[in-house]
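# Secondary and tertiary structure notes
If you want the building blocks of each chain, they are given just below.
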Amino acid sequence: MTHQAAPGLFITATDTGAGKTWSTLGLLSALRSRGRKAVGMKPVASGSEDTTAGLRNADALSLQAASAPTMPYEIINPYAFRPPIAPHLAAQDAGVDIDLERIVTAYAELSLSSDIVLVEGVGGWRVPLGGGRFLVDLVRRLNIPVILVVGLRLGCINHAALTAAAIAGDEVQLAGWVANQVDPEYTETGRTIDTLSAIIPAPLLASLPFLPALDADRLAGHFDVALLQR
(Lines give C-alpha, C1' and ligand atoms only; values in the text may rest on other atoms or scores of the structure.)
Protein backbone atom coordinates (compact mmCIF):
# COMPACT_ATOMS: atom_id res chain seq x y z
CA MET A 1 0.00 0.00 0.00
CA THR A 2 1.42 3.39 -0.99
CA HIS A 3 1.10 6.39 1.28
CA GLN A 4 0.23 9.89 0.09
CA ALA A 5 2.73 12.40 1.47
CA ALA A 6 1.23 15.07 3.70
CA PRO A 7 1.23 18.64 2.44
CA GLY A 8 3.83 20.97 3.83
CA LEU A 9 4.66 24.64 4.26
CA PHE A 10 8.07 26.25 4.40
CA ILE A 11 8.43 29.07 6.93
CA THR A 12 10.97 31.73 5.94
CA ALA A 13 11.51 35.29 7.14
CA THR A 14 12.82 38.69 6.23
CA ASP A 15 15.91 38.04 8.35
CA THR A 16 17.22 36.38 11.49
CA GLY A 17 15.18 37.29 14.56
CA ALA A 18 11.97 38.03 12.67
CA GLY A 19 10.11 35.31 14.56
CA LYS A 20 10.10 32.16 12.41
CA THR A 21 10.08 29.76 15.35
CA TRP A 22 7.33 31.50 17.33
CA SER A 23 5.24 31.85 14.16
CA THR A 24 5.73 28.17 13.36
CA LEU A 25 4.81 27.17 16.92
CA GLY A 26 1.71 29.37 16.78
CA LEU A 27 0.61 27.87 13.49
CA LEU A 28 1.28 24.35 14.78
CA SER A 29 -0.97 25.09 17.75
CA ALA A 30 -3.65 26.57 15.49
CA LEU A 31 -3.64 23.51 13.24
CA ARG A 32 -3.66 21.06 16.15
CA SER A 33 -6.59 22.88 17.75
CA ARG A 34 -8.51 22.13 14.57
CA GLY A 35 -7.80 18.43 14.84
CA ARG A 36 -4.90 18.31 12.40
CA LYS A 37 -1.88 16.08 12.99
CA ALA A 38 0.80 18.73 12.53
CA VAL A 39 4.55 18.36 12.99
CA GLY A 40 7.40 20.85 12.82
CA MET A 41 10.77 20.41 11.15
CA LYS A 42 14.01 22.38 11.37
CA PRO A 43 16.21 20.82 8.67
CA VAL A 44 19.31 22.88 9.43
CA ALA A 45 20.06 24.59 12.73
CA SER A 46 23.12 26.45 13.94
CA GLY A 47 23.58 27.48 17.55
CA SER A 48 23.19 24.06 19.17
CA GLU A 49 24.22 22.76 22.57
CA ASP A 50 26.07 19.58 23.50
CA THR A 51 23.87 17.06 25.33
CA THR A 52 24.22 13.39 26.24
CA ALA A 53 22.09 12.63 23.17
CA GLY A 54 24.24 14.79 20.87
CA LEU A 55 23.90 18.33 19.58
CA ARG A 56 20.47 19.81 20.24
CA ASN A 57 19.02 23.11 19.01
CA ALA A 58 16.51 24.95 21.22
CA ASP A 59 14.21 25.90 18.34
CA ALA A 60 14.17 22.35 17.00
CA LEU A 61 13.42 20.99 20.47
CA SER A 62 10.49 23.41 20.75
CA LEU A 63 9.14 22.20 17.42
CA GLN A 64 9.52 18.59 18.51
CA ALA A 65 7.64 19.26 21.75
CA ALA A 66 4.82 21.06 19.91
CA SER A 67 4.36 18.38 17.26
CA ALA A 68 1.68 15.72 17.30
CA PRO A 69 2.62 12.99 16.90
CA THR A 70 6.02 13.35 18.57
CA MET A 71 8.80 12.39 16.19
CA PRO A 72 12.50 11.53 16.74
CA TYR A 73 14.76 14.54 17.03
CA GLU A 74 17.12 13.37 14.27
CA ILE A 75 14.27 13.48 11.77
CA ILE A 76 13.04 16.88 12.87
CA ASN A 77 16.57 18.34 12.78
CA PRO A 78 18.85 16.34 10.45
CA TYR A 79 21.66 18.92 10.61
CA ALA A 80 22.59 20.59 13.92
CA PHE A 81 25.74 22.70 14.25
CA ARG A 82 27.28 24.10 17.41
CA PRO A 83 28.28 27.71 16.53
CA PRO A 84 25.51 30.31 15.99
CA ILE A 85 26.79 31.32 12.56
CA ALA A 86 25.61 31.01 8.97
CA PRO A 87 24.84 27.33 8.28
CA HIS A 88 27.20 26.92 5.34
CA LEU A 89 30.05 28.26 7.47
CA ALA A 90 29.10 26.04 10.42
CA ALA A 91 28.92 23.03 8.10
CA GLN A 92 32.28 23.92 6.59
CA ASP A 93 33.88 24.17 10.03
CA ALA A 94 32.39 20.79 10.98
CA GLY A 95 33.55 19.16 7.76
CA VAL A 96 29.95 18.33 6.85
CA ASP A 97 28.20 18.55 3.50
CA ILE A 98 24.52 19.46 3.82
CA ASP A 99 22.83 16.79 1.70
CA LEU A 100 19.43 17.93 0.45
CA GLU A 101 18.35 14.34 -0.19
CA ARG A 102 18.85 13.47 3.47
CA ILE A 103 16.51 16.33 4.38
CA VAL A 104 13.97 15.28 1.75
CA THR A 105 14.00 11.73 3.15
CA ALA A 106 13.42 13.01 6.70
CA TYR A 107 10.58 15.24 5.46
CA ALA A 108 8.95 12.27 3.73
CA GLU A 109 9.11 10.26 6.96
CA LEU A 110 7.45 13.09 8.89
CA SER A 111 4.80 13.35 6.19
CA LEU A 112 3.75 9.73 6.58
CA SER A 113 2.83 10.31 10.23
CA SER A 114 1.05 13.66 9.91
CA ASP A 115 -1.51 15.72 8.05
CA ILE A 116 0.86 18.64 7.50
CA VAL A 117 4.56 19.39 8.03
CA LEU A 118 5.77 22.91 8.84
CA VAL A 119 9.39 23.26 7.76
CA GLU A 120 11.20 26.15 9.44
CA GLY A 121 14.04 27.67 7.46
CA VAL A 122 17.25 29.19 8.75
CA GLY A 123 17.92 32.93 8.57
CA GLY A 124 16.34 34.63 5.57
CA TRP A 125 15.52 33.54 2.02
CA ARG A 126 18.94 33.88 0.37
CA VAL A 127 20.87 31.75 2.87
CA PRO A 128 23.56 29.57 1.27
CA LEU A 129 23.82 25.93 2.32
CA GLY A 130 27.25 25.27 0.81
CA GLY A 131 28.36 23.54 -2.36
CA GLY A 132 26.68 26.20 -4.48
CA ARG A 133 23.28 25.35 -3.00
CA PHE A 134 20.87 27.80 -1.42
CA LEU A 135 17.78 27.52 0.74
CA VAL A 136 15.57 27.87 -2.34
CA ASP A 137 17.07 24.64 -3.72
CA LEU A 138 15.73 22.80 -0.68
CA VAL A 139 12.29 24.38 -1.04
CA ARG A 140 12.18 23.33 -4.68
CA ARG A 141 13.14 19.77 -3.78
CA LEU A 142 10.41 19.65 -1.14
CA ASN A 143 8.00 21.26 -3.60
CA ILE A 144 6.01 23.11 -0.95
CA PRO A 145 4.64 26.66 -0.68
CA VAL A 146 6.25 29.34 1.48
CA ILE A 147 5.02 31.48 4.35
CA LEU A 148 6.96 34.71 4.90
CA VAL A 149 7.36 36.03 8.45
CA VAL A 150 7.93 39.78 8.62
CA GLY A 151 9.39 41.16 11.84
CA LEU A 152 7.68 44.54 12.25
CA ARG A 153 10.36 47.15 12.92
CA LEU A 154 12.07 50.03 11.17
CA GLY A 155 13.35 48.84 7.79
CA CYS A 156 11.01 45.87 7.50
CA ILE A 157 9.07 47.22 4.50
CA ASN A 158 12.17 47.14 2.30
CA HIS A 159 13.23 43.71 3.59
CA ALA A 160 9.75 42.26 3.11
CA ALA A 161 9.31 43.70 -0.39
CA LEU A 162 12.71 42.41 -1.51
CA THR A 163 12.08 38.96 -0.02
CA ALA A 164 8.63 38.64 -1.57
CA ALA A 165 10.07 39.69 -4.94
CA ALA A 166 12.87 37.12 -4.58
CA ILE A 167 10.40 34.34 -3.78
CA ALA A 168 8.33 35.28 -6.84
CA GLY A 169 11.47 35.47 -8.97
CA ASP A 170 12.44 31.99 -7.83
CA GLU A 171 9.02 30.79 -9.03
CA VAL A 172 8.07 29.44 -5.62
CA GLN A 173 4.48 29.80 -4.38
CA LEU A 174 3.98 32.29 -1.56
CA ALA A 175 1.01 30.95 0.41
CA GLY A 176 0.79 33.85 2.85
CA TRP A 177 2.65 36.07 5.25
CA VAL A 178 2.77 36.79 8.96
CA ALA A 179 3.23 40.21 10.55
CA ASN A 180 5.13 39.76 13.81
CA GLN A 181 5.49 42.62 16.31
CA VAL A 182 9.11 42.03 17.35
CA ASP A 183 9.71 45.61 18.52
CA PRO A 184 7.27 46.73 21.24
CA GLU A 185 8.25 50.36 20.65
CA TYR A 186 7.49 50.31 16.93
CA THR A 187 4.47 52.59 16.57
CA GLU A 188 3.66 52.17 12.87
CA THR A 189 2.33 48.63 12.99
CA GLY A 190 -1.05 49.37 11.41
CA ARG A 191 0.22 51.48 8.54
CA THR A 192 3.11 49.10 7.93
CA ILE A 193 0.73 46.16 7.64
CA ASP A 194 -1.45 48.16 5.23
CA THR A 195 1.60 49.02 3.13
CA LEU A 196 2.86 45.44 3.05
CA SER A 197 -0.61 44.06 2.28
CA ALA A 198 -0.55 46.15 -0.90
CA ILE A 199 2.96 44.93 -1.79
CA ILE A 200 3.01 41.24 -0.87
CA PRO A 201 0.97 39.15 -3.35
CA ALA A 202 -0.39 36.75 -0.73
CA PRO A 203 -2.89 36.88 2.15
CA LEU A 204 -1.99 38.06 5.65
CA LEU A 205 -2.36 34.90 7.74
CA ALA A 206 -1.75 36.49 11.15
CA SER A 207 -0.80 39.71 12.88
CA LEU A 208 1.06 38.57 15.98
CA PRO A 209 1.38 40.84 19.04
CA PHE A 210 4.58 41.39 20.95
CA LEU A 211 4.84 38.88 23.79
CA PRO A 212 7.54 38.97 26.50
CA ALA A 213 7.51 35.17 26.61
CA LEU A 214 6.35 32.45 24.23
CA ASP A 215 2.67 31.54 24.43
CA ALA A 216 1.98 29.38 21.37
CA ASP A 217 -1.72 28.96 22.16
CA ARG A 218 -2.18 32.72 22.36
CA LEU A 219 -0.34 33.16 19.06
CA ALA A 220 -2.50 30.43 17.54
CA GLY A 221 -5.60 32.53 18.09
CA HIS A 222 -4.31 35.15 15.66
CA PHE A 223 -3.96 32.78 12.69
CA ASP A 224 -6.63 32.56 10.01
CA VAL A 225 -5.92 28.96 9.02
CA ALA A 226 -8.82 28.99 6.55
CA LEU A 227 -6.78 31.27 4.27
CA LEU A 228 -4.30 28.43 3.70
CA GLN A 229 -7.03 26.28 2.19
CA ARG A 230 -7.81 28.68 -0.64
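Residues numbered from 1 in each chain as written. Predicted model: local features only at pLDDT ≥ 70, side-chain atom pairs only at ≥ 80, totals over all residues. Heavy atoms only, no water.

The helix and strand tally for the protein stands at nine helices and 12 strands. Taken over the C-alpha trace, the protein has a radius of gyration of 17 Å; the compact-globule value for 230 residues is 17 Å, and the two agree within 12%. Counting only C-alpha atoms, the protein reaches 45 × 40 × 35 Å along its principal axes. Here the protein holds 230 residues, and 51% of them are scored as buried. Across the protein, contacts joining residues at least 24 apart in sequence account for 76% of those joining residues at least 6 apart. When the accessible surface of the protein is split by element, carbon and sulfur atoms take 53% of a total near 10500 Å². Of the charged side chains in the protein, 17 are positive and 22 negative, and the gap between their average positions amounts to 4 Å. (Helix = DSSP H or I, 4+ residues; strand = E, 2+ residues; numbered from the N terminus. Rg over C-alpha atoms; globule rule 2.2 N^0.38 Å. Buried < 20%, exposed > 50% of the residue type's maximum accessible area, 1.4 Å probe, protein only. Contact = heavy atoms within 4.5 Å. Areas by Shrake-Rupley, 256 points an atom, 1.4 Å probe, with all protein chains shown as cover. Lys, Arg positive; Asp, Glu negative; His and termini not counted. Charge placed at Lys NZ, Arg CZ, Asp CG, Glu CD.)

Our next topic: the layout of surface pockets. Quantified by volume, the largest pocket comes out at close to 490 Å³. Around the largest pocket sit 30 residues that line it, and Gly17, Gly19, Lys20, Thr21 and Asp59 are the ones nearest its centre. Broken down by element, the residue count for the lining of the largest pocket peaks at four residues, all from helix H1 (residues 20-33). (1 Å grid on protein atoms, 1.4 Å probe; cavity = no way out; pocket = protein on both sides within 12 Å on 5 of 7 lines; lining within 4 Å. Points joined across faces, edges and corners; volume = space filled by probe spheres on them.)

Strand order in the open sheet formed by six strands is E2-E7-E1-E10-E11-E12, with parallel pairing between adjacent strands. Of all strands in the sheet, those with a lone pairing partner are strand E2 (38-41) and strand E12 (204-208), marking the two edges. On average, adjacent strands in this sheet sit at an angle of 20° to one another, irrespective of strand direction. Against the sheet, helix H7 (residues 156-169) contacts strand E1 (8-13), strand E10 (146-151) and strand E11 (174-180), and its axis sits at roughly 165° relative to E10. In the packing of helix H8 (residues 189-199) onto the sheet, the strands contacted are E10, E11 and E12, and the crossing angle to E11 comes to about 170°. (Pairing = 2+ DSSP bridges. Axes fitted to C-alpha atoms, helices over the stretch in contact; angles between N-to-C directions.)

The subject of this paragraph is H1. A rise of 1.5 Å per residue sets the reference length of H1, with its 14 residues, at 20 Å; its end C-alpha atoms lie 20 Å apart and thus fit the reference within 8%. Counting buried residues along H1, 11 of its 14 residues qualify, which places the element largely inside the surrounding structure. Regarding H1, the residues found buried are Lys20, Thr21, Ser23, Thr24, Leu25, Gly26, Leu27, Leu28, Ser29, Ala30 and Leu31. One or two steps after H1, the chain reaches Gly35, where phi turns positive at roughly 85°. (Expected span 1.5 Å × (residues − 1).)

According to the stated counting rule, one finds nine salt bridges in the structure shown. Notably, a salt bridge pairs Glu120 with Lys42, separated by 2.9 Å at the nearest N-O pair. Within this pair, whereas Glu120 is found in strand E7 (residues 116-120), its partner Lys42 is found in the loop between E2 and strand E3 (44-46), the two being separated by 78 residues in sequence. Relative accessible area serves as the criterion here: at 2%, Glu120 is assigned to the buried category. Members of the salt-bridge network, linked through shared partners, are Arg126, Arg140 and Asp170. (Salt bridge = Lys/Arg side-chain N within 4 Å of Asp/Glu carboxyl O.)

Let us now look at the nonpolar core. In this structure, Phe10, Trp125, Val150 and Ile200 are the most contacted members of the largest nonpolar core, which totals 48 residues. Ranked by residue count, the leading element in this core is helix H5 (residues 100-112), at six residues. Each residue touching Ile200, except ones within four places of it in the same chain, is listed here: Leu148, Val150, Ala160, Ala164, Leu174 and Trp177. Ranked by size, the runner-up nonpolar core spans 27 residues in total, among them Ala18, Ile116, Leu205 and Ala220. (Core = buried A, V, L, I, M, F, W, Y, C linked by side-chain atoms within 4.5 Å.)

The subject of this paragraph is the packing of aromatic side chains. Taken as a whole and assessed by the stated rule, the structure comprises one aromatic pair. Where Tyr79 meets Phe81, the ring centres are 6.4 Å apart and the plane angle is 15°; that geometry is what we call stacked. Just as Tyr79 is buried, Phe81 falls in that class too. The lysine or arginine in question, Arg102, covers the ring of Tyr79, its NZ or CZ lying 4.3 Å from the ring centre. (Phe/Tyr/Trp six-rings, centres within 6.5 Å; stacked < 30°, edge-to-face > 60°. Lys NZ or Arg CZ within 6 Å of the ring centre and 35° of its normal.)

Moving on, we come to empty space enclosed by the protein. Applying the stated criterion to the full structure yields one cavity of 30 Å³ or more. Considered as a void within the structure, the largest cavity measures approximately 40 Å³ in volume. Contributing to the lining of the largest cavity are Phe10, Pro43, Val44, Glu120, Gly121, Val122, Leu129, Leu135 and Leu138. Across the lining of the largest cavity, the residue classes break down as seven nonpolar, one polar and one charged. (Nonpolar A, V, L, I, M, F, W, Y, C, P; charged D, E, K, R; others polar.)

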